[in-house]
Amino acid sequence: MSGKESGYLDMELLRFTTAGSVDDGKSTLIGRLLFDSKAIFEDQMELSKKPVCVRVVRM
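On a predicted model such as this, the values are computed, not experimentally measured, just so you know. (Residues numbered from 1 in each chain as written. Predicted model: local features only at pLDDT ≥ 70, side-chain atom pairs only at ≥ 80, totals over all residues. Heavy atoms only, no water.)

Considering a nonpolar patch on the surface
Using the following cut-off: Residues with no salt bridge and a relative accessible area higher than 30% make up the patches, which join like charges within 9 Å and nonpolar side chains (Val, Leu, Ile, Met, Phe, Trp, Tyr) within 5 Å. Per-residue and other accessible areas follow the Shrake-Rupley method at a 1.4 Å probe size, with only the shown protein chains counted as cover for residues. When a carboxyl oxygen of Asp or Glu is within 4 Å of a side-chain nitrogen of Lys or Arg, the pair counts as a salt bridge. Only DSSP runs of H or I with at least four residues qualify as helices, and only runs of E with at least two residues qualify as strands; both kinds are numbered from the N terminus onward. For the exposure calls, accessible area comes from a 1.4 Å probe over protein chains only, and a residue counts as buried if that area is under 20% of its type's maximum, exposed if over 50%, partly exposed in between.
Where nonpolar side chains cluster on the molecular surface, the patch consists of Leu14, Phe16, Leu29, Ile30, Leu33 and Leu34 and spans about 540 Å² of accessible area. Structurally, Ile30 is set in helix H1 (residues 26–36). The class of Ile30 is partly exposed, set by a relative accessible area of 34%.

Structural data, given as structure tokens:
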């Protein structure tokens, strides 16, 4: 690995919190920050593209 390349183990730790109601976009914000900072692995990105199976429970 050359001096300019940086792996995830070389990154500093950043901790932050989010607060908000349901559907305020907290997960979207975190996902966008991970994507923009290139801190998400390729296999995790591929999993996020797969359809999600939703089960409906009737009461």
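Regarding the pattern of salt bridges
Going through the model one piece at a time under the given rule, you end up with two salt bridges. Here Arg32 ties to Asp36 by a salt bridge, and the two come within 2.9 Å at their closest N and O atoms. Taken as a pair, Arg32 and Asp36 lie in helix H1 at a separation of four residues, close to a single helical turn. Here Lys49 and Glu46 are joined by a salt bridge, their closest N and O atoms 3.7 Å apart.

Side note on unusual backbone geometry
Within the chain, Asp23 stands out as a residue other than glycine whose phi angle is a positive 65 degrees. Structurally, Asp23 can be placed in the segment before H1. The exposed category is assigned to Asp23, whose relative accessible area is 77%. Backbone geometry places Lys38, a non-glycine residue, at a positive phi of 55 degrees. With respect to the helices and strands, Lys38 occurs in the loop between H1 and helix H2 (42–49).

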